[in-house]
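Residues per chain are reported as follows:
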Amino acid sequence: MKEKNELQQLNEDLLTEQIVQLIESSKNKVALFLNKEVTILYWSVGNYILNHFKSKNEIVYGKQILATLSQHLTEKFGKGFSYSAITRMIKVAENFNEEKIVTLSQQLSWSHCIELASVENKIQQKFYLEMAIHHKWNLRLLRQQIDAMLFERTILASKPEEVIVDTLQNIENNKSVSTDLVFKNTYILDFLQLPYNYSEKELENALINNIEAFILELGSGFAFIERQKRISVDAVDYHLDLLFYHRKLNRLIAIDLKLGKFKPEYKSQMELYLRWLEKNEKQSNEDKPIGLILCSEGNTEHIELLMLDEKDIKVAQYLTELPSKEWFADKLHRAIEIAKSQKN
């Protein structure tokens, strides 16, 4: 009788577990369905109002009309139709056509759409949209990346517009990830709390002690492998500061830390590391290793002259304090101007 009770208990537990899974699965599907329907509904309201204003030539009187409309809709349907909510619906409708919003509604929330619509520059908007989908960013992370000017800090940002568009199109079509999207020209390491006159060793130790925050700043796909990787060439030992692996690129990432500005001899040193890694560490299914030289000061023209961004070596500046957005914008502007002059 005891065995029967135990068997009965097992059956009941199994049944309960299966029912719970069934309900959870259904709830997830309902949530996805509701998100899609809500997004399309709000876009439709915004699009209808937008077209109405255009056809009636009432753009000048929009505020008064929207305030009255908001009052009527709130009385009839409750929350969700405040004046600011309706203006956001119109903003989203201005930025995305029906075909695009149907696609987005299956991948992002309405709040994502509102945040993306606030990005005025269309290239930047496309960047954050594709990255949010590709990396499955929640709303909080999307806002953080926009506030941190992620686009302006990517190597891609200084490329010609047609290159940026093609790269983002590849992301949308689930093609290979470009290194121009993976690597940045500036890394913010304001979480390190370094002393004023810190050494390269202190910098390395601080990064290891804050490895999770460092990986978050490096970006999605990075995995830490080793510090002070010993590289022996002709009985001479060299030590690579940090070795990572990138899942999407399927490549080893060698990171060297430097104080001050980039110097041409750093290129030769990194080339040695990369050739050794390719010969001794690269797996048969991996692509060639790539190097990232992190310097505490920037000198974009030097890097452009050596055309390092066209090779398997990237050079970036790291900052231990967060600068202003104007600083990032100015740096990007200078990088674009230097790139144009080199092209001409």
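From a predicted model like this one, the values you see are computed outputs, not experimental measurements.

Draft legend 1. Focus on the overall build of the protein chain. Check the secondary structure of the protein chain and you find 15 helices and six strands. The 344 residues of the protein chain split such that 40% are buried. A fraction of 61% describes how many contacts in the protein chain between residues 6 or more apart in sequence connect residues 24 or more apart. With an accessible surface of roughly 20,100 Å², the protein chain has 51% of that area assigned to carbon and sulfur atoms.

Draft legend 2. Structural view of the nonpolar core. Core analysis: the largest hydrophobic core is formed by 66 residues, its most contacted members being Tyr128, Phe183, Tyr187, Phe214, Ile255 and Leu294. Excluding residues that lie within four positions of it along the chain, Tyr128 makes contacts with Leu116, Val119, Trp137, Leu142, Gln145, Ile146, Met149, Leu150, Phe151 and Glu152.

Draft legend 3. The arrangement of the packing of helix α5 (residues 110-117) against helix α7 (residues 139-147) in detail. Their axes nearest at 10 Å, the elements α5 and α7 cross at an angle of 10°. By the angle between their directions, the pair α5 and α7 is classed as roughly parallel. Across the interface between the two elements, Ser111, His112, Glu115 and Leu116 from α5 touch Leu139, Leu142, Arg143 and Ile146 from α7. Looking at the contact of α5 with α7 residue by residue, the class counts come to four nonpolar, two polar and two charged.

Draft legend 4. Region of the structure containing the pairing of strand β2 (residues 222-233). Where β2 and strand β3 (residues 236-246) come together, ten bridges link them in antiparallel fashion. Along β3, the bridge assignment pairs Phe222 with His246. Joining the antiparallel neighbours β2 and β3 is a turn of two residues, in which Asp234 adopts a positive phi near 50°.

Draft legend 5. Quick peek at the packing of aromatic side chains. Summed over the entire model, instances satisfying the criterion amount to nine aromatic pairs. With 5.0 Å between their ring centres and 80° between their planes, Phe127 and Tyr128 make a pair best called edge-to-face. Looking at Phe127, the relative accessible area reads 0%, which means it is buried. Of the residues examined, Tyr128 reaches a relative accessible area of 1% and is grouped as buried. With 6.3 Å between their ring centres and 80° between their planes, Phe222 and Phe244 make a pair best called edge-to-face. Of this pair, Phe222 sits in strand β2 while Phe244 sits in strand β3, placing them 22 residues apart in sequence. Looking at Phe244, the relative accessible area reads 0%, which means it is buried. Within the aromatic cluster, the residues linked to one another by ring pairs are Phe183, Phe214, Phe222, Phe224 and Phe244. Between the NZ or CZ atom of Lys258 and the centre of the ring of Tyr266, over which it lies, the distance is 4.7 Å.

Draft legend 6. Structural view of α7. Those residues of α7 not exposed but buried are Leu139, Leu142, Gln145 and Ile146. Viewed end-on, α7 has its buried residues packed into an arc of 125°, placing them on one side of the element. Looking at α7, the residues exposed on the side facing more than 90 degrees away from the buried face are Arg140 and Asp147. Of the surrounding elements, those touching the buried residues of α7 are α5, α6 (122-135) and α8 (150-153). Measuring from the backbone nitrogen of Arg140 back to the side-chain oxygen at the start of α7 gives 3.2 Å, which picks out Asn138 as the cap. With its phi angle positive at about 55°, Met149 sits one or two positions after the end of α7.

Draft legend 7. Seen up close, the environment of Ser118. Here Ser118 shows up in the loop between α5 and α6. Classification of Ser118 as partly exposed rests on a relative accessible area of 42%. Sequence-wise, Ser118 and Val92 are 26 residues apart; in three dimensions their C-alpha atoms are separated by 8.5 Å.

Draft legend 8. α5, seen in detail. Taken across its eight residues, α5 has six buried, putting it largely inside the fold. When α5 is considered as a whole, its buried residues turn out to be Trp110, His112, Cys113, Glu115, Leu116 and Ala117.

Draft legend 9. Just the sheet that holds strand β4 (residues 251-258), in detail. Across the sheet, six strands lie side by side as β1-β6-β5-β4-β3-β2; this open sheet has mixed pairing. Each having just a single partner strand, β1 (186-188) and β2 make up the two edges of the open sheet. Here the strands of the sheet are splayed against their neighbours by 35° on average, with no regard to which way each runs. Sheet topology places β1 next to strand β6 (residues 313-319); three bridges connect them, and they run parallel. Its bridge partner lying in β6, Thr186 is registered against Gln317. Helix α12 (residues 211-218) contacts β1, β2, β3, β4 and β5 (290-295) of the sheet and is inclined by roughly 70° relative to β3. Relative to the sheet, helix α13 (residues 264-280) contacts β2, β3, β4, β5 and β6, its axis offset from that of β4 by approximately 150°.

Draft legend 10. Representation of the side chain of Gln125. By secondary structure assignment, the location of Gln125 is in helix α6. What Gln125 contacts, discounting residues up to four positions off in sequence, is Asn95, Phe96, Leu116, Ala117 and Val119.

Draft legend 11. Highlighting the pattern of salt bridges. Tallying each qualifying case throughout the model produces 13 salt bridges. Between Glu115 and Arg143 there is a salt bridge whose closest N-O contact spans 2.9 Å. On the criterion of sequence distance, the pair formed by Glu115 in helix α5 and Arg143 in helix α7 is long-range, its members being 28 residues apart. The exposure class assigned to Glu115 is buried, which follows from its relative accessible area of 18%. Residue class for Arg143 comes out partly exposed when judged on its relative accessible area of 41%. In this structure, Lys288 engages Asp312 in a salt bridge whose closest nitrogen and oxygen atoms are separated by 3.7 Å. One end of the pair, Lys288, is in the loop between α13 and β5; the other, Asp312, is in the loop between α14 (300-306) and β6, and 24 residues separate them in sequence. Using a relative accessible area of 42% as the deciding quantity, one classes Lys288 as partly exposed.

Cut-offs applied
Residues numbered from 1 in each chain as written. Predicted model: local features only at pLDDT ≥ 70, side-chain atom pairs only at ≥ 80, totals over all residues. Heavy atoms only, no water. Helix = DSSP H or I, 4+ residues; strand = E, 2+ residues; numbered from the N terminus. Buried < 20%, exposed > 50% of the residue type's maximum accessible area, 1.4 Å probe, protein only. Contact = heavy atoms within 4.5 Å. Areas by Shrake-Rupley, 256 points an atom, 1.4 Å probe, with all protein chains shown as cover. Core = buried A, V, L, I, M, F, W, Y, C linked by side-chain atoms within 4.5 Å. Axes fitted to C-alpha atoms, helices over the stretch in contact; angles between N-to-C directions. Parallel < 35°, antiparallel > 145°, perpendicular 65-115°, else oblique. Nonpolar A, V, L, I, M, F, W, Y, C, P; charged D, E, K, R; others polar. Pairing = 2+ DSSP bridges. Phe/Tyr/Trp six-rings, centres within 6.5 Å; stacked < 30°, edge-to-face > 60°. Lys NZ or Arg CZ within 6 Å of the ring centre and 35° of its normal. Arc of directions from axis to C-beta. Polar contact = N/O pair within 3.5 Å; in protein donor to acceptor, adjacent residues only side chain to side chain. Salt bridge = Lys/Arg side-chain N within 4 Å of Asp/Glu carboxyl O.

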